[in-house]
Amino acid sequence: MKRIILTKILPLLAVLVAVLGHSAQAGAASEALEFLIKRISKVGSAAAEALVNEAVDKSPVVARLVRQYGEDALVTLAGKPGRVELVEQLGDDAAEALLKHADIAEDVLRRCPDGEVASALGGMSRESGQYLSICSSRNALSAQDYKTVILVVREGGEAAAEKLSRMSPSALDKVLKTAQTAGLTAAVTMVSATAAISDSPVEFVENIFSLGQWICEHPIPALLVFVILVSLIIKFPDIVVNILLWLPRAAWRVLKWIWRAFRKN
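Please read these numbers as outputs of a predicted model, since none were measured by experiment. (Residues numbered from 1 in each chain as written. Predicted model: local features only at pLDDT ≥ 70, side-chain atom pairs only at ≥ 80, totals over all residues. Heavy atoms only, no water.)

Draft legend 1. Region of the structure containing the overall build of the protein. A count of helices and strands for the protein gives 16 helices and zero strands. By the burial criterion, 39% of the 265 residues in the protein qualify as buried. By sequence separation, contacts in the protein at least 24 residues apart represent 64% of the contacts at least 6 residues apart. Carbon and sulfur atoms make up 59% of the accessible area of the protein, which totals about 14,900 Å². (Helix = DSSP H or I, 4+ residues; strand = E, 2+ residues; numbered from the N terminus. Buried < 20%, exposed > 50% of the residue type's maximum accessible area, 1.4 Å probe, protein only. Contact = heavy atoms within 4.5 Å. Areas by Shrake-Rupley, 256 points an atom, 1.4 Å probe, with all protein chains shown as cover.)

Draft legend 2. Representation of helix H12 (residues 169–182). For H12, with 14 residues, the first-to-last C-alpha span of 19 Å sits near the 20 Å given by 1.5 Å per residue. Within two residues after H12, glycine 183 carries a phi angle of roughly 105 degrees, on the positive side. (Expected span 1.5 Å × (residues − 1).)

Draft legend 3. Representation of the pattern of salt bridges in the model. Counting across every chain of the model gives 11 salt bridges. Linking arginine 110 and glutamate 106 is a salt bridge whose minimum nitrogen-to-oxygen distance equals 3.5 Å. Here arginine 110 and its partner glutamate 106 are both found in helix H8 (residues 103–111), four residues apart, which amounts to about one turn of the helix. Look at arginine 110 and you get partly exposed, because its relative accessible area is 42%. Linked through salt bridges whose partners overlap, the residues forming this network are Asp114, Glu116, Lys147, Arg154 and Glu155. (Salt bridge = Lys/Arg side-chain N within 4 Å of Asp/Glu carboxyl O.)

Draft legend 4. Just the environment of arginine 83, in detail. The topology assignment puts arginine 83 in helix H6 (residues 81–90). Remark: the alpha-carbon pair of arginine 83 and leucine 98, spanning 15 residues in sequence, is separated by 7.5 Å. When residues no more than four places from it in sequence are discounted, the contact partners of arginine 83 are Leu77, Leu98, Ala102, Asp103, Glu106 and Arg110.

Draft legend 5. Quick peek at the nonpolar core. Within the largest apolar cluster, 60 residues are counted, with the highest numbers of intra-cluster contacts made by Leu109, Leu121, Val149, Ile150, Leu164 and Leu172. Ranked by the residues each element gives to this core, the list is headed by helix H11 (residues 143–166), at nine residues. (Core = buried A, V, L, I, M, F, W, Y, C linked by side-chain atoms within 4.5 Å.)

Draft legend 6. Structural view of a positive patch on the surface. A grouping of Lys174, Arg249, Arg253, Lys256 and Arg260 is seen on the molecular surface, where their side chains present a positively charged patch. It is helix H16 (residues 237–264) that contributes the most residues to the positive patch, four residues altogether. Tracing the backbone through its elements, the reader meets arginine 260 in helix H16. (Patch = residues over 30% accessible without salt bridge, like charges linked within 9 Å, V, L, I, M, F, W, Y side chains within 5 Å. Lys, Arg positive; Asp, Glu negative; His and termini not counted. Charge placed at Lys NZ, Arg CZ, Asp CG, Glu CD.)

Draft legend 7. The arrangement of a nonpolar patch on the surface in detail. Together, Leu223, Phe226, Val227, Val230 and Ile234 line one region of the surface with nonpolar side chains, adding up to about 490 Å² of accessible area. Position of isoleucine 234 among the secondary structure elements: in helix H15 (residues 219–235).

Draft legend 8. Representation of the packing of H8 against H11 in the model. At a minimum axis separation of 9 Å, H8 and H11 run at an interaxial angle of 130 degrees. As far as their axial angle goes, H11 and H8 are oblique. Where H8 approaches H11, its residues Asp107, Val108 and Arg111 are matched on the opposing element by Ala143, Tyr146 and Ile150. By residue class, the composition of the contact of H8 with H11 is four nonpolar, no polar and two charged. (Axes fitted to C-alpha atoms, helices over the stretch in contact; angles between N-to-C directions. Parallel < 35°, antiparallel > 145°, perpendicular 65-115°, else oblique. Nonpolar A, V, L, I, M, F, W, Y, C, P; charged D, E, K, R; others polar.)

Draft legend 9. Spatial organisation of the packing of H6 against H8. Look at H6 against H8: their axes get within 11 Å of each other, and the N-to-C directions meet at 55 degrees. On the basis of the axis angle, H6 is oblique to H8. In the crossing of H6 with H8, the sense of the turn from one axis to the other is left-handed. In this structure, H6 contributes Gly82, Arg83, Leu86 and Leu90 to the contact, and H8 contributes Asp103, Glu106, Leu109 and Arg110. Here the contact of H6 with H8 is composed, by residue class, of three nonpolar, one polar and four charged. (Left-handed = near helix turned anticlockwise from the far one by under 90°.)

Draft legend 10. Here's a closer look at helix H7 (residues 92–101). Most of H7 is tucked away: 10 of the 10 residues are buried. Along H7, the residues that are buried comprise Asp92, Asp93, Ala94, Ala95, Glu96, Ala97, Leu98, Leu99, Lys100 and His101.

Draft legend 11. Looking closely at the confidence of the model for the protein. Averaged over the protein, the pLDDT score is 76; the fraction of residues at 70 or greater is 77%. This stretch, residues 1–30, has a pLDDT under 50; its non-local contacts, to residues over four places away or in other chains, come to 47 contacts. (pLDDT = per-residue confidence, 0-100.)

The following block contains the structure:
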């Protein structure tokens, strides 16, 4: 069996790697990885290790993944039929996501088996994946809601993931409705605005100062942003009112912090 693997399967893998070449360097694993995982799942452990070792020599993509996650991670992934099924269904992005996030990615992809979601997970940090898990455990999310949350994290980064994990169900529901009515960009903006009004008044002041400095240094982009904001105000006044209502609370929080600091001194 091992001889057949080494003489038949590995040359085919090498051909795949040669054909796909540089397209695999874009961040997600190449289709050669998907092919490798499917083959590993059908052989014994010793043969699986031989397959991985040969693939490392022939594929820069597999070599990178082995460096990042370890050889055992590839073999473990291929040894779980449910995860192999997800790879077969969603392709190489699912393989990358499962290698990086393991149980979290499996849960996400089973609840929301979508190629765009798999791609977003594959490019997401482990910390963001943990925040997503917390968010989903605290909220009853439909498949579409889960996808929206993941895409917001993809656009907003780890800071957005952390903020989403701490949101109340009602606040998260507003974000989801904003994404549905005004689009993903508006939802990301809402999450970012919420993040700016942080638990620390010092951070809030620093964020406001940084924003003013950026506007002075980039007047033309700032003008474009202003035009977009005015358009959003005209088109979605209710959403804008909700965002503006956060500002008095933030100002009050800053004043309370200043008063406490003054009394301590």
